[in-house]
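One letter stands for each residue in the lines below.
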Amino acid sequence: MARPAHRRPGQSRKAQYSLFAAYVIAVTGALAGLLLAVLSVADPVGFAQLRIASQELAAPVARVTRSVTGSISGIDDNVSAYVKAGTQNRRLRKELTEARRKLVATSALQEENRQLKALLKLQETDRAALAHGYLLTSTSTSSRRIALLSIGRNLGVAPSQPVRGADGLIGRVLTAGPSVSQVLLLTDVDNVVPVRRARDGLPAISSGRGNGNLDVRTLNIANNPFKPGDILVTSGTGGLYPPNIPVAIVVSRQDDGALARPLADPAKVDAVAVLRPYTPDNIEAQAVPATPPSEAP
Amino acid sequence: MNRAGPRLGEPASLWRMRAVPVATVIAASALPLMLPLIANSPVLPPLGLLFFLCWQLLRTEMWPVWIGLPLGLVDDLFSGAPIGTAVCLWTLASIAIHYFAQRIYWRGFFHDWGIAALLLAAVQAAAALIAHPDAPTGRVLGLVAPQVVISALLVPFFLRLTGRFDNFRLKRR
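Residues numbered from 1 in each chain as written. Chains lettered and ligands numbered in written order. Predicted model: local features only at pLDDT ≥ 70, side-chain atom pairs only at ≥ 80, totals over all residues.

- The name given to chain B in an unreviewed UniProt entry is Rod shape-determining protein MreD, with Sphingopyxis indica as the source organism.

- Chain A goes by Cell shape-determining protein MreC in an unreviewed UniProt entry, where it is assigned to Sphingopyxis indica.
- Taken verbatim from the UniProt record of chain A, the Sequence similarities (unreviewed entry) comment is "Belongs to the MreC family."
- Recorded under Function (unreviewed entry), the UniProt text for chain A is reproduced unchanged: "Involved in formation and maintenance of cell shape." (UniProt positions renumbered as here; feature names shortened; annotations may be inferred.)

Below, the structure is given as structure tokens:
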């Protein structure tokens, strides 16, 4: 049982004034904090710069905890690999023979493809990523979905660059610190991504729900054409995310659109790539083929 | 003079008495960002807020009522919430605790639990609404509802933990 607080200052003027002053400071500070919060909602990028120091502080610890848990969680995989060795060996041999057969067929196709491309003088667009890193940790107590990326300005990361994993889109860079940067994940409520259906190019907009799923809405309200299993890729509209990055798979239909699950799970993805934003000058720079290979080391 | 051993009636170290509560709250605020956990939804309870409320419920007159301003700012820097959210909401929570401390003169364990659960729910809901002003209110509240339930159930554990830290804080040398 908590002891009753002696809040009554009694006859002492000094005690009365100091108690009053404490309340004045508290109320003024609370109002100032609310104003600051409203401003930082309006301008998330500017105020996120303030957070860089705390991230730089947290990142080394997160790197250590990540490597420790990584080695721990790898143990069960190693054990199960020994247990399953026999059946796996048989299965892999069967797959290998099948793969060889396919490889022959594919190499023929590849050659044909190369010739056709040379004929059309098509350029492979430069999809080379700016930098590669891995996701260290994320804000797991607040309703914002922000992850910490292990690289920052030291490797050329800058705000509003798209981030993708091997399976699909992860999000975009919010702020870049000296050695770590913040990534606004695809599933954040404020992250809106223009997408299209991979099958027929139907344009739509995906926005996060904050709980790991995405809301997908078509630009055309009249009908709801989505079916479970539809794959959504980025459309390149809006000039931030490059086109044709896999985004999500539709899970179920809803009244106004569909519920989708991201294809790349940030919790499981190992390495991520930071890409150039899809802005006109970057597109033109990529279209020019004669870029010297010896850039900055 | 033998200064090595403890002396009778000697008070606890003033430095430790002041530093321990602040250090626990700051460490608890920073801890979630140091775990290798990429969360898809707000899964972890707000550890910093839990310690902040429990310290104030245990020792109401230990801190001035404006202590939420600096501690809230630190929490804002580590949690992803817009900067200023916790500055405002933690201070309001601290004012509320001082109010309850005056109204309910002899607070019991269940009083403390109830007050902490109420303030946790209010602070987390308000923080989510401030962070996402454009999103539908019902959906935003549904997002933090599981977290609020988990945090409310964890309050007794954190009260115990705070008590342990309080014993350490007031321990004679």
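**With respect to the confidence of the model for chain A**
Residues and elements named next belong to chain A.
- Mean pLDDT over chain A works out to 80, with 84% of the residues at or above the 70 mark.
- Counting contacts from residues 122-126, a segment whose pLDDT is below 50, to residues more than four positions away or on other chains yields four contacts.
- Across residues 289-297, confidence stays below pLDDT 50; counting only partners more than four residues off in sequence or on other chains, it has one contact. (pLDDT = per-residue confidence, 0-100. Contact = placed C-beta atoms within 7 Å.)

**Topic: the sheet that holds strand E2 (residues 135-138) of chain A**
All names here are of chain A.
- Spatial strand order, E1-E13-E4-E5-E6-E3-E2: seven strands in an open sheet with antiparallel pairing. Every interior strand has two partners, whereas the edge strands, strand E1 (131-133) and E2, have only one. Here the average twist between neighbouring strands, direction ignored, is 35°.
- As defined by bridge partners, E1 adjoins strand E13 (residues 272-274) across three bridges and the pair is classed as antiparallel. (Pairing = 2+ DSSP bridges. Helix = DSSP H or I, 4+ residues; strand = E, 2+ residues; numbered from the N terminus. Axes fitted to C-alpha atoms, helices over the stretch in contact; angles between N-to-C directions.)

**Focus: the pairing of strand E7 (residues 192-197) of chain A**
Residue and element names in this part refer to chain A.
- Burial along E7 is one-sided: Val-193, Val-195 and Arg-197 are buried, while Val-192, Pro-194 and Arg-196, pointing the other way, are not.
- Pairing of E7 with strand E8 (residues 203-208) involves five bridges; the strand directions are antiparallel. For Pro-194, the partnering residue across the bridge sits in E8 and is Ile-205.
- Between the antiparallel neighbours E7 and E8 lie five residues, among them Gly-201 with a positive phi of about 75°.
- With three bridges connecting them, E7 and strand E10 (residues 231-234) associate as antiparallel partners. Bridge pairing in E10 links Arg-196 to Val-233. (Buried ≥ 20, exposed ≤ 12 C-beta atoms within 10 Å, placed from the backbone.)

**Here we look at the packing of helix H1 (residues 14-30) of chain B against helix H2 (residues 47-58) of chain B**
Residues and elements named next belong to chain B.
- Remark: H1 packs on H2, axes separated minimally by 6 Å, with the N-to-C direction vectors making an angle of 155°. Accordingly, the angle class assigned to the pair H1 and H2 is roughly antiparallel. For the pair H1 and H2, the sense of crossing is right-handed. Contact residues: Pro-21, Thr-24, Val-25, Ala-28 and Ser-29 in H1; Leu-47, Gly-48, Phe-51, Phe-52 and Trp-55 in H2.
- Here the contact of H1 with H2 is composed, by residue class, of seven nonpolar, three polar and no charged. (Parallel < 35°, antiparallel > 145°, perpendicular 65-115°, else oblique. Left-handed = near helix turned anticlockwise from the far one by under 90°. Nonpolar A, V, L, I, M, F, W, Y, C, P; charged D, E, K, R; others polar.)

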